Amino acid sequence: MQVLKFGGTSVANAENISKVVAIVKETVKKDTTVVVVSALGGVTDLLLGAAALAADGDELYKEKLTTIEQRHIEAVKQLIPVAQQSQLLSLVKKSCNEIEDICNGIFLLRELTARSKDRIGSYGEWLSSQIIAAKFKADGTDAVWKDARELITTNSDFTSAEVDFVATDKKINDFFSGEKSSLFILPGFIAADRNGVTTTLGRGGSDYTAAILASALQADLLEIWTDVSGMMTADPRLTNNARIIPNISYQEAMELSHFGAKVIYPPTIQPVMSKGIPVWIKNTFAPADKGTVIESLTKGKGDIVRGISSINNIALISLEGSGMIGIPGFSKRLFEALSSEKINVILITQSSSEHSICVGIDSSSVEKAKQVVDAAFANEIALQKVEPLIIEAELSIVALVGESMKNHTGISGRMFSAMGRNGVNIRAIAQGSSEKNISAVIATKDVRKAINVLHEEFFETTYKQVNLFITGTGNVGAKLLGQLKQQLDFLQQQMRLQVRVVGLSNSRKMLIDEEGINLDNWKEKLDAGETASLQKLIDEIISRNLRNSVFVDITANDKVAMVYDQFLQKSISVVACNKVAASSAYSNYKKLKDLSREFNSQFLFETNVGAGLPVIASLSDLVHSGDRVNKMQAVLSGTLNFVFNNYDGSRLFADVVKQAQDEGYTEPDPRLDLGGTDVMRKILILAREAGETMDMEDIANNSFMPASCMQGSVADFYAAMAKEEAHFKKLLDKAKADGCILKFVASFDNGKASVGLQHIDPKHDLYHLYGKDNIVLFYTNRYKEQPMVVKGAGAGAEVTASGVFADIIRASKV
């Protein structure tokens, strides 16, 4: 004996019903088969919706009834030969007339009782099963149709009736023992009380009907046919990487179904579990797929975590007060009050201090809960021993499920750490002593991110997805995008990082695509994007709430630098090529560093000092390992080093500077380089990273630039430099006379910092520095006589982009 149940999508229309018939015809060749069917997809909602409209006095209920009748008539006409249709069409018409009569009565009374809901709702399964049975007979397959109300006996709790298994099992066995057919068709969902009044088993109850039949008949297996190829590790609507679970235990299936997995109705498991009957979840639209089998599993078989599920529309209600401490009975009274209003408790947690009890319930029950609990504790509230019931709404529960979790330490830690790193705040936690389930209450807006983060943590051992939002697509930005494009495959294959650029913006346009922007034609895509708006970009990034998000700033824009805090406090890491934030007021710098630590987000700005050189990384390693930086000497401007390495008096100083700008070494405004501001920012950042509290005004700037060169526009700047050529030639000649060369040096010595032009003799460590190279000398407690030296190209779009790239990888690996 085998029992097959087909859900609403499987019997939604004539085409799908034909697929069901084909599956059953193959199955019935193996053994006697009992088929349980749901209503045509969406019909139960239409029936109950029509009843609700009628109760509200809205005559639009008649339109819903017309739709119901048309759908069933259309199914009959498409499935049954014309010569055999009349009897079935009459049955459909008669049933639809009965439905209309009931709704008319509801309309007149303006009253919809639970008993009336069950009567109305029962017609969906009753009609679909009649049509499907007729289809088998029309195809020449003998099929016995049986009304489930004649077999399943329940109490009179309408809409969620409880089954009398003793009476039900006897009726089922009495009926089937007297039948010789190999195929039986029954409506799911519906039953009857001891007086023969129609009841229902709750939404999703057709699964339960099939399980009741399988248990009573000691069936060899139960198959639940739906529109997916089994139970999945997570909701595929929330994560693209969900995969089929090949096998799962009864207990795990019950936990997953209770916590939101829609594939199977929660009460379905119990009847078959007690008899050890395996349950298969199969796909009507891909019958060859293996599916999921639910059975008793051997210990340790499969993944540690079997699946991840979630329930939305949760509210937390909290009973708190100092008067609860050490006083027995508060929990009992709370749950009695909730039970009196039939409010289902989904999750419970209580602090060890007994100061509070926190309960998760469905959001629709919040008002009733507030009234009944405040009434139950009115005396204590009046005496201020207990606070009025505290309510938190717009919450959801995310749950990890797996029997093997109890045998492995650290699962909870991994769960909470993964969510914490991505800024998912946990409001409450619950875990049973069996350790099959770890549940966390979080904000509903964070559910998608949490599911993806947890799925990545426990199921996607292949790679970690990183989502980049890049602002600034000029010289450096374009080089970065080219480097990313080149390395995407390497990062995924060798570093297990799936890096996706999901946002791009510049001063004119912005583009966001959650599926990832194609880096082959990003320029065209961005040009076709919407008008750029910094605030809209911020709102989009935060509202999309993607896991492992990194904001990359490749601009020199003050306004962009001032919004980093909004990202960091949402656990979105920031990689900044922009020096403004790290060299802003110390209070702002410290705030950003503190936010980074507090919200487990990275604030990285390696390229602020030496382009692609690991200057800040090396300094951080020294400090973190306990060394103390006493002195730093550095040539930190690739621009100025290029200029003084190439200025020999044979051509104008202004021409050498223009060459540096044309080759991409300078800031957009070269005066930031030549005036010393850029170098001041860099030594300031290094001093701060070494542990000093310092601001720009604490740095001495011994500028070599005449004041006339620092006025007006960039064009004015070049014209003024040409006029001041004698000044620059004099500086050069004086250095040559001393046997030295010119270098613009940044110095830090025991808390004091300065920048300025210096004569460097051939014996100095800074002498042999060519082209656009930078160099930093770190004198520390460990490197006293011979400094640690970091040296290399310190300017240029390619190396700067590579430094930003390196920071992105660092942020991604946390």
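Calculation rules
Residues numbered from 1 in each chain as written. Predicted model: local features only at pLDDT ≥ 70, side-chain atom pairs only at ≥ 80, totals over all residues. Heavy atoms only, no water. Helix = DSSP H or I, 4+ residues; strand = E, 2+ residues; numbered from the N terminus. Expected span 1.5 Å × (residues − 1). Buried < 20%, exposed > 50% of the residue type's maximum accessible area, 1.4 Å probe, protein only. Arc of directions from axis to C-beta. Contact = heavy atoms within 4.5 Å. 1 Å grid on protein atoms, 1.4 Å probe; cavity = no way out; pocket = protein on both sides within 12 Å on 5 of 7 lines; lining within 4 Å. Points joined across faces, edges and corners; volume = space filled by probe spheres on them. Nonpolar A, V, L, I, M, F, W, Y, C, P; charged D, E, K, R; others polar. Phe/Tyr/Trp six-rings, centres within 6.5 Å; stacked < 30°, edge-to-face > 60°. Lys NZ or Arg CZ within 6 Å of the ring centre and 35° of its normal.

J.: Where do I start with helix H3 (residues 61-79) in this structure?
T.: Structurally, the α-helix is built with 3.6 residues per turn, so residues lying three or four positions apart point the same way. For H3, which comprises 19 residues, the first-to-last C-alpha distance of 28 Å matches the rise-based estimate of 27 Å (1.5 Å per residue) to within 8%. Buried residues of H3: Tyr 61, Leu 65, Ile 68, Glu 69, His 72, Ala 75, Val 76 and Leu 79, and no others. All buried residues of H3 fall inside an arc of 125° around its axis, so they share one side. Exposed residues on H3 whose side chains face more than 90 degrees from its buried face are Glu 63, Lys 77 and Gln 78. Buried-residue contacts for H3 involve helix H1 (14-27), helix H2 (43-55), helix H4 (85-109) and helix H5 (114-138).

J.: What should I look at first to understand empty space enclosed by the protein in this one?
T.: A probe matching the size of a water molecule, rolled over the atoms, marks out where space remains unfilled. On inspection of all chains with the given rule, the structure shows 1 cavity of 30 Å³ or more. Empty space within the largest cavity amounts to approximately 150 Å³. What lines the largest cavity is a set of 15 residues, among which Arg 421, Asn 548, Ser 573, Ala 811 and Val 814 lie closest to the centre. Contributing elements (two or more residues each) for the lining of the largest cavity: strand E18 (464-471), strand E22 (549-553) and helix H29 (797-812). Here the residues of the lining of the largest cavity are counted per class, giving 4 nonpolar, 9 polar and 2 charged.

J.: How do you make sense of the packing of aromatic side chains when you look at a structure like this?
T.: Two aromatic rings are characterised by how far apart their centres lie and by the angle between their planes. According to the stated counting rule, one finds 21 aromatic pairs in the structure shown. Here Phe 551 and Phe 567 contribute two aromatic rings whose centre-to-centre distance is 4.3 Å and whose plane-to-plane angle is 25°, an arrangement assigned as stacked. Taken together, the positions of Phe 551 in strand E22 and Phe 567 in helix H19 (residues 564-568) put the pair 16 residues apart, joining distant regions of the chain. Note on Phe 644 and Phe 653: the rings are 5.9 Å apart at their centroids and 45° apart in plane angle, and the pair reads as tilted. Classification of Phe 653 as buried rests on a relative accessible area of 0%. Over the aromatic face of Phe 330 sits the side chain of Arg 333, whose NZ or CZ is 5.7 Å from the ring centroid.

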